[in-house]
There are 2 protein chains.
Amino acid sequence: MDQDIRNLLEEKKYAEIQKLLKDIKPQDIALMLEEMSDAEIPIVFRLLPKEIAADTFVEMSPDSQKLLINCFTDAELKAVLDDMFLDDTVDVIEEMPANVVKRILNQTDPQSRKWINEVLKYPKDSAGTLMTMEYVNLKKDWTVKQSFDRIRKTAVDKETIYTCYVTDGTRKLIGRVSLRTMMLNSYETVIGDIMETNVISVDTDADKEFVASQFSKYDLNAIPVVDKENRIVGIITVDDAMDVMEDEATEDISMMAAVTPSDTPYLDQSVWRIWLNRVPWLMLLMISATFTGLIINTYEATLSSLSPLLFACIPMLMDTGGNAGSQTSVTIIRGLALDEIHFKDLFKVVWKEIRVSVLLALSLSVVCFGKLLLIDNLIFGYDYTVKLSALIAVALLFTVVIAKVVGCMLPLLAKKVKLDPAVVASPFITTIVDALSLIIYCNISVAVLA
Amino acid sequence: MDQDIRNLLEEKKYAEIQKLLKDIKPQDIALMLEEMSDAEIPIVFRLLPKEIAADTFVEMSPDSQKLLINCFTDAELKAVLDDMFLDDTVDVIEEMPANVVKRILNQTDPQSRKWINEVLKYPKDSAGTLMTMEYVNLKKDWTVKQSFDRIRKTAVDKETIYTCYVTDGTRKLIGRVSLRTMMLNSYETVIGDIMETNVISVDTDADKEFVASQFSKYDLNAIPVVDKENRIVGIITVDDAMDVMEDEATEDISMMAAVTPSDTPYLDQSVWRIWLNRVPWLMLLMISATFTGLIINTYEATLSSLSPLLFACIPMLMDTGGNAGSQTSVTIIRGLALDEIHFKDLFKVVWKEIRVSVLLALSLSVVCFGKLLLIDNLIFGYDYTVKLSALIAVALLFTVVIAKVVGCMLPLLAKKVKLDPAVVASPFITTIVDALSLIIYCNISVAVLA
């Protein structure tokens, strides 16, 4: 497809390109345009049918959007902006440099411009930054017929007509009625009689992760955003909630891998940006890992006098502790994010993890003991005596139990003191578990072998 | 709220409870019921207004649902089932033991029963298991008015009326028309003239992760599921797609932490189940970590003769290698899951990671070198000479670069050979990176100090 269009471009067969584009969805056209050169993008974009130009524009990357805006005449820019919903316009503006933003605002009608400037003031990652003002507003004394007439007249400008909101004279939200409900009632039915009064809504400063969870929990199509007086300020629709869910999961995953999260897709990130997102954590973790070095140096002479084989098991111990801790911390962090676990469950969780860790620790210790005695000793010929193998196995047992208890407590405590569990987990858990397990290992070695 | 209802229950003030329940959403009632005793649940459930009984039932946990079904009379069971959409009925059936399933199917009408039995045959995690047959079916020669009449008559039984599908006489999918489009046209407009013919659809055996990604990509409200002859078999709605997105992210997160994924919320999992999901991976990782032990034993005598301080840095090296590898592998795995990275980007990704890793490695090596010389040497008094510190820093440099190159290549190669990158990543990357970096460290030490 790309190749067909490329060929037609070279032959300047624009009418043919237009015909091809009619059958492709805006999202796919946007992906195609991303692969084209800076010179080709504006040419092909101008060949798009008017109805899908704005839909395609909003799907493109910020860099491509900036390129296009710089190529557009004022009239072209205005035409695209008029067809965009305001939450998408805000998304574009947030990625543009000041001079482009100025141009965009100049081509927007005064009411929209006022709205956009209001929205840009809301805190980052809040409900306010996701919403649009293009919702259907009904009055409770209207009939279904009057509402339908209203919807037909204004639908083309509304982000959604499937969920309508009922307000009083002061824009206070008093109810919600779905198009489905209206269709199931006669034309003369009064809205006030069929509307739902217990409406799920969010505040303008609600966290976007919370907003997305409300969509997921109540299977909503749209959510109204209200101010402190319960006046409706805007709505958020389910497609934006899905994007938020995806972004939030990506954010948590990044932080659990000790990387500062980024909105930009990986292939679009510069080497410096990636370096910047990774180096602080890697540095922090390296420095905290040197504590283990200090502990080893402290015990070094003692350990080598007891048995040179003691050092060989240190990486295995530390790795196993780290993995055991991650299994737990990642599970708890995800449970916190999905609202399945709360701080009040602390004792339940710790008790569960203690039991699981004892079972795991026993399984691992037995296998470790057997392996050292039978394989390393008999086959490879290293002098792992029963005593030595047993102490290593016991150290492993302690390591796994400590790792899991620390791994479940730290995220819960972080949540309690309003820190992001995903950020806190990685560095602290590794450091604490490594240090504790090493100290215990060295002390057990001394106690048993000396 | 819970406490109020508990008190009213004890005082047997059922009418009061009914009044309270009217104002609570089904999802919240379900959460409340989960906290109640087995004796209380059926009592409170029977007090629910009929309109929300089914909505509440589908939100409850499988255990609670089983409890209720066992308490229900056949008539009560039938009443709830009749109000449920078939995709929810299938979800319930999938969690019930055989005798309960038999009872459910007995209380279902023959057409629904036939449908359910068909759906249960589809592969696990496929589109077929998510769909429902309760969609609006229009004909292309109908007018908008005729379509509205049809919708009004049947809407109460449809999962969604906002997206309607146009089929020919043989149920072949020929178009799609939204309720919005119909509302924006006059009553006499013919459906065939306003319908969209290029319809995004999925096959019955499409992976559910792919289905969810289509919702996200095309901002859909519903997707039709078709068979090989493009005949519509059912539809999937956006609320189910959101649940799939959440589950798929949880699954990937679990696998990256070396835990077998589970559908059940953590607090509902038994200790044995958790042990079973963690032990194979922990065991595998522990055993692969013992390779490092073998390598250390091989070089042990050599290393201690060169300098006892060499052992102290091993944990720091291995940890940093592990963290550096994770940063990369997790980023690439997530990029693959979101369709932002593909196998064809292999060289682009490897080249990017090489550059990032060199920058990171240099940053870390310099800090490590400085720390060993200035802090460990001058302050703590360990004999880290310039030569020793330099060789440790160089080993660290190699470690980080290797970790990141391995960390980005393995997930991409896994994807290419159709293995799940998230499963493959953790064990293999750690093992390979640990072994390689240790071998390099020991060899550099020998080369420089011997």
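If you're wondering where the values come from, they're calculated on a predicted model, not measured in any experiment.

*Asks:* Explain the packing of aromatic side chains here, please?
*Replies:* All told, the structure shown has 13 aromatic pairs over all chains when counted by the stated rule. Here the aromatic rings of A:Phe45 and A:Phe72 are separated by 5.6 Å at their centres, their planes lie at 45 degrees, and the arrangement is tilted. Here A:Phe45, found in helix α4 (residues 40-46), pairs with A:Phe72, found in the loop between α6 (62-71) and α7 (74-83); they are 27 residues apart in sequence, far enough to count as distant. Here A:Phe45 matches A:Phe72 in class, with each residue buried. An aromatic cluster of at least three residues, connected via ring pairs, comprises A:Phe45, A:Phe57 and A:Phe72. Its guanidinium or amino end placed over the ring of B:Tyr266, A:Lys352 lies 5.8 Å from that ring's centre, counting from NZ or CZ.

*Asks:* Got a minute to help me understand helix α6 (residues 62-71) of chain B in this structure?
*Replies:* Residues lying three or four places apart along an α-helix face the same way, a consequence of the helix completing one turn every 3.6 residues. Among all positions of α6(B), only B:Ser64, B:Gln65, B:Leu67, B:Leu68 and B:Ile69 are buried. Against the buried residues of α6(B) lie α3 (26-34), α4 (40-46), α5 (50-59), α7 (74-83), α8 (86-95) and α9 (98-106) of chain B.

*Asks:* Honestly, the nonpolar core in this entry has me stumped. Any pointers?
*Replies:* It is characteristic of soluble globular proteins that their nonpolar side chains tend to be buried jointly. A:Ile392, A:Tyr441, B:Ile392 and B:Tyr441 are the most contacted members of the largest nonpolar core, which has 130 residues in total. The contact partners of B:Ile392, leaving out residues within four places of it in the chain, are B:Cys313, B:Met316, B:Cys368, B:Leu372, B:Tyr384 and B:Tyr441. Grouped together as the second largest cluster of nonpolar side chains are 122 residues, A:Ile29, A:Leu86, A:Ile104 and A:Met131 included.

*Asks:* How do you make sense of unusual backbone geometry when you look at a structure like this?
*Replies:* Negative phi values dominate among residues other than glycine, just as trans dominates among peptide bonds. Residues and elements named next belong to chain B. The backbone of Lys12 sits at a positive phi, close to 55 degrees, despite the residue not being glycine. Mapped onto the elements, Lys12 comes out in the loop between α1 (2-10) and α2 (14-22). At Asn230, a position not held by glycine, the phi torsion is positive, near 65 degrees. Topologically, Asn230 is positioned in the loop between β5 (222-226) and β6 (232-237).

*Asks:* Explain the environment of A:Tyr299 to me, please; I cannot follow it from the model alone.
*Replies:* Residues and elements named next belong to chain A. For Tyr299, the location among the structural elements is in helix α16 (residues 271-306). When the C-alpha atoms of Tyr299 and Cys442 are compared, they prove to be 6.9 Å apart, with 143 residues separating the residues in sequence. Not counting the four nearest positions on each side in its chain, Tyr299 is found in contact with Ile439, Cys442 and Asn443. Within polar-contact distance, the side chain of Tyr299 engages the side chain of Asn443 at 3.3 Å.

*Asks:* For this particular structure, what's the right way to read the side chain of A:Ser329?
*Replies:* Checked against the element boundaries, A:Ser329 lands in helix α18 (residues 314-337). With residues up to four places along the chain from it excluded, the contact list for A:Ser329 reads A:Gly407, A:Pro411 and A:Ile429.

*Asks:* I keep staring at the confidence of the model for chain A and nothing clicks. Help me out?
*Replies:* Low pLDDT marks regions whose predicted coordinates should not be analysed in detail. Scored by pLDDT, chain A has a mean of 90; 100% of the residues are at 70 or more. At the level of chain-chain contacts, confidence expressed as ipTM amounts to 0.87, with global pTM at 0.87.

*Asks:* Please clarify how the relation of the copies chain B and chain A should be interpreted in this entry.
*Replies:* Look at the two chain copies: a rotation about an axis and a shift along it is all it takes to match them. With an RMSD of 0.2 Å, chain B superimposes on chain A once it is rotated by 180 degrees and translated 0.1 Å along the axis. The operation mapping one copy onto its partner corresponds to a two-fold rotation axis. Both copies contact each other with a shared surface, as 100% of the interface residues of chain B are interface residues in chain A too.

So, how was this worked out
Residues numbered from 1 in each chain as written. Chains lettered and ligands numbered in written order. Predicted model: local features only at pLDDT ≥ 70, side-chain atom pairs only at ≥ 80, totals over all residues. Heavy atoms only, no water. Phe/Tyr/Trp six-rings, centres within 6.5 Å; stacked < 30°, edge-to-face > 60°. Helix = DSSP H or I, 4+ residues; strand = E, 2+ residues; numbered from the N terminus. Buried < 20%, exposed > 50% of the residue type's maximum accessible area, 1.4 Å probe, protein only. Lys NZ or Arg CZ within 6 Å of the ring centre and 35° of its normal. Contact = heavy atoms within 4.5 Å. Core = buried A, V, L, I, M, F, W, Y, C linked by side-chain atoms within 4.5 Å. Polar contact = N/O pair within 3.5 Å; in protein donor to acceptor, adjacent residues only side chain to side chain. pLDDT = per-residue confidence, 0-100. Least-squares fit on C-alpha atoms with pLDDT ≥ 70 in both.

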